[in-house]
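Architecture at a glance
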Amino acid sequence: MDTSVASFREALESLDRVQADSIFQKTLLELSPIDAVEQLVVPALEQIGSAWDAGEVALSQVYMSGRFCEELVDRTLPPSDPDRKHQPRSAIVVLSDYHDLGKRIVYSVMRASGFELFDYGRMDVDALVERTVTDQIRVLMISVLMLPSALKVREVCSRLKATGSDVRVIVGGAPFLFDRELWKEVGADAMGSSAAQAVAIVERMMGEMQ
Amino acid sequence: MTPATMTSMQRVLTTLGHQEPDRVPLFLLTTLHGAKELGMSIEHYFSSAEHVVQGQLRLLEKYRSDCVYPFFYASIETEAWGGTTIFVPDGPPLCGAPVIAQASDIETLSTPKVENSPPLQKVLTAIRLLKQQLTDTVPIIGVAISPFSLPVMQMGFHSYIELMYEQPALFDELMQRNEEFTVAWANAQLEAGATAICYFDPLSSTTSVPRERYLRTGQQVAKRTLARIKGPTATHLASGRGLSIIPDIADTGTAVIGVSAMEDLAALKNAAAGRVSLLGNLNGVEMRRWTPQMAEMEVKRAIAKAGRGGGFLLADNHGEIPWQVPQDVLLAIRDAVDRWGQYPLNWIDDWRE
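These numbers were taken from a predicted model, which means no experiment stands behind them.

Turning our attention to the overall build of chain A. Of regular secondary structure, chain A possesses 10 helices and 5 strands. A compact globule built from 210 residues should have a C-alpha radius of gyration of about 17 Å, and chain A, at 17 Å, falls within 12% of that. Over its C-alpha atoms, taken along the principal directions, chain A stretches across nearly 50 × 35 × 25 Å. A fraction of 76% describes how many contacts in chain A between residues 6 or more apart in sequence connect residues 24 or more apart.

Assigned secondary structure in chain B consists of 16 helices and 9 strands. If one aligns the C-alpha atoms of chain B with their principal axes, the spans along those axes are about 60 × 45 × 35 Å. The buried share among the 353 residues of chain B stands at 55%. A sequence separation of at least 24 residues applies to 70% of the contacts in chain B between residues at least 6 apart.

A separate point is the environment of I76 of chain B. Residue and element names in this part refer to chain B. Residue placement: I76 occurs in helix α5 (residues 76–80). With 21 C-beta atoms counted inside 10 Å, the residue I76 sits in the buried group. The spacing of I76 and T207 is 131 residues in sequence and 24 Å in space, taken between C-alpha atoms. Those residues within four positions of I76 in sequence are excluded, and the remaining contacts are P119, L120 and V123.

Right, let's talk about the interface of chain A and chain B for a bit. Of the residues lining the interface, 20 residues belong to chain A; the matching set on chain B comes to 22 residues. Sort the elements by how many residues they give to the side of chain A that touches chain B and helix α4 (residues 59–76) of chain A lands first, with 5 residues. Residues of the side of chain A that touches chain B, tallied by class, amount to 13 nonpolar, 4 polar and 3 charged.

All names here are of chain A. Along its sequence, chain A is organised into domain 1 (2–76) and domain 2 (90–209). The gap between the C-alpha centroids of domain 1 and domain 2 is 24 Å. Taken together, the 19 residues of domain 1 in the interface contact 14 residues of domain 2. At 11 residues, the largest contribution of residues to the side of domain 1 that touches domain 2 is made by helix α3 (residues 33–53). Of the residues belonging to the side of domain 1 that touches domain 2, the class tally is 12 nonpolar, 3 polar and 4 charged.

If a residue is not glycine, its phi is most likely negative; likewise, a peptide bond is most likely trans. Residue and element names in this part refer to chain B. A cis geometry characterises the amide bond from G280 onward to N281, with omega recorded as -20 degrees. If you trace the backbone, N281 turns up in strand β8 (residues 277–282). With an omega dihedral of -5 degrees, the bond running from Y343 to P344 counts as a cis peptide bond. Relative to the helices and strands, P344 resides in the segment after α16 (327–340). A positive phi angle, near 60 degrees, is found at H18, a position not held by glycine. For H18, a count of 16 C-beta atoms within 10 Å puts it in the partly exposed group. Non-glycine residue R64 carries a positive phi angle of around 50 degrees.

Quick look at the nonpolar core now. Core analysis: the biggest nonpolar cluster contains 191 residues, and I142 and A188 of chain A together with I197 and L314 of chain B have the highest contact counts within it. Ranked by residue count, the leading element in this core is α3 of chain A, at 9 residues. The residues that make up this core include at least three from each of domain 1 (2–76) and domain 2 (90–209) of chain A. Apart from residues lying up to four places away in sequence, I142 of chain A is in contact with V93, L95, V153, V156, V169 and V171 of chain A.

Another aspect to go through is the packing of helix α6 (residues 118–134) of chain B against helix α9 (residues 168–192) of chain B. When two helices pack together, their arrangement is captured by the angle between the axes and the distance separating the axes. All names here are of chain B. Packing of α6 against α9 leaves a shortest axis separation of 8 Å and a crossing angle of 30 degrees. When the interaxial angle is binned, α6 and α9 end up roughly parallel. In the packing of α6 onto α9, the handedness of the crossing is right-handed. Residues L120, L124, I127 and R128 of α6 pack against W185, A188, Q189 and A192 of α9. The residue inventory of the contact of α6 with α9, partitioned by class, reads 6 nonpolar, 1 polar and 1 charged.

Residue and element names in this part refer to chain B. Strand order in the open sheet formed by 7 strands is β1-β9-β8-β7-β6-β5-β4, with parallel pairing between adjacent strands. The sheet is open, and its two borders are formed by β1 (26–27) and β4 (141–145), each paired with just one other strand. Pairing analysis gives 3 bridges linking strand β7 (residues 256–258) to β8, with the strands arranged parallel. In the strand pairing of β8, I257 is matched with L278. The strands that helix α1 (residues 8–16) touches are β7, β8 and β9 (312–316); relative to β9, the one it contacts most, it runs at about 110 degrees.

How each quantity is defined
- Residues numbered from 1 in each chain as written.
- Chains lettered and ligands numbered in written order.
- Predicted model: local features only at pLDDT ≥ 70, side-chain atom pairs only at ≥ 80, totals over all residues.
- Helix = DSSP H or I, 4+ residues; strand = E, 2+ residues; numbered from the N terminus.
- Rg over C-alpha atoms; globule rule 2.2 N^0.38 Å.
- Contact = placed C-beta atoms within 7 Å.
- Buried ≥ 20, exposed ≤ 12 C-beta atoms within 10 Å, placed from the backbone.
- Nonpolar A, V, L, I, M, F, W, Y, C, P; charged D, E, K, R; others polar.
- Domains from an automatic or database assignment.
- Core = buried A, V, L, I, M, F, W, Y, C linked by C-beta atoms within 7 Å.
- Axes fitted to C-alpha atoms, helices over the stretch in contact; angles between N-to-C directions.
- Parallel < 35°, antiparallel > 145°, perpendicular 65-115°, else oblique.
- Left-handed = near helix turned anticlockwise from the far one by under 90°.
- Pairing = 2+ DSSP bridges.

Written as C-alpha cells, this is what we have:
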C-alpha cells in the first residue's frame, strides 16, 4: 500500500487526474470504499499536508488535490453512506474576512477523509455564535487570513463559553502560521497548520469526547 | 548613535549597488498607521490624497524610515476594474465581490484606463505632492499588483487556481489584459514622481504555486511586464516563500525581492548572491506583541544575517505593518537600527544566535 500511496500522492501533486483515478480504482478492487479512503486517500493527503507545512508543495497543489479527492470519495462513498465516519457535529467557517481558500481546502480534505460537516460560509461573530449554539456544534473550525479576523476568535470563544457550550474550537490560517502563540492567546483549543492536521485534530478530539 | 552621513536616497542607492552605505536602510512600511497619526478612521484617511500625504510625512518624521510609502490599499486597483472595497476599522481594506464572476467574463473584460479612474488619480496626486515636499532626498515607493497576482482579487483565489490549471487560453487572455493595466499604472506612478515600484507578486511565491508552474506563468508575465516599466522595481512576495526561486526572480530584471519571515535570511542572502537586493523579513504578525527588547533582538538578527556587503533593506516581511503593531515597537525598531545598523558591522563577528 505504501507504493500506491506514494504514486497516488505524486499523481495528485502533479494534477494527473487520470493516474490518480486509476490508482484509486485499482485499490477499490482490493479494499472496501471506506478502507480505500482510509488507507490510500487519507495518508496521501496527510503527506501533502506535511509537505505544505515544510514548504515543499504549494497552495495550488493542496487545493486542487483536495478538491479532486473530495470528488473521488463522493462518487464511491456518498454523504448518506453509513460507512461515513460517526463523528461529533462539526462546522467550518470563514470568520469576518472574505478569503475562503483555506476553508475550501480544509472542507474538501475533511470530506475526502470521510467526514461530514456544516459549511457556514462567511460569518461575523454574532451570527457564528448563534448558529453554533443552535446547531449544537461540538467541533468548530475557524479559518481566517487577516490578523483582525484572527483576533476576533477571542470573542467567539469567550461568548461560546458563556453560553455553557462545550464546543471545541480549531483555528487555522496565515496569522496563526506566522505567530505560533496566537491560537492560545485567542482562546482556541487547537491550531491546524494544514488541512491534514485539521483532520488529525478532529480525530483526536473524537477520541477525547467518547 | 553616529550621525547619518547620507540622505535616505543615497543610502538606498548605495545598498542597491551592493555596497555598504553609512547604515542599513530601514523601510518601515506603514500605511494604516497614517490614519492613527491623524486621528481618523481608516476609511476617511484613504478618502483623500492630502490625508495620506500628511500621514506619510508625520510617519517619516516620527520613525525616520528611509522611504515614504503612498500605498493606499490593494483593492484600489480592482476599483479601477469596477470592483468595490470593504473598509474595516482595524485592518487593511478588503476587496469586495469579484469583478470576474465566471471565467467566460474574461473574453469581454476591457482594460481600464488609469486616467479614467478617480481612485488611481487620488494615489497619483499623493505621489505628486510627496515629490514636491521631498524632492529627491527620500525614495517614494509606488505599488502595482502584478498581473499574475491581480486575479486573486479580480475573481477569487480558488476560481483563479482553477482557471490557471484548467483553462490556459483564458488565463493567457487575462494576463494580456492585466499586463497592459499594470504597465500603465506603474508608469503613471513613476511619471508622478515615484522613485521605484513595488511589484506585489505573492502568487509567484512557492507558497502559492510550484516552481515549474511559476517558470511557465508568473515569471514570464514578470519578464514581459517589468521590461516595460520605466523605472526600478522591487518584487514583493508578501510573506510568501521564495528561497528556491530567488535566481529565477532575479532573472525577471527586478532589483529587490521582498522575502518571508518563514525563511532564513542568511540562506536568502546567499541565494541572492549579489544579483538582487533583499527587503525583509521582520515578522509583522508577531511584531504586535514584541517588547522593545525583542524588537532589538530581531533587528540584530536580521542585520547579522543579511547586512554585510549591502544589498539589504530592513523591513517587515509582508509589505505592510499591521494596524495592531504599537508605536513603542516601531520606535524600538528604529532605535535598534540606529544602534546596530551602522557600517561597518564589526559586531557581527561576535554575534551568536
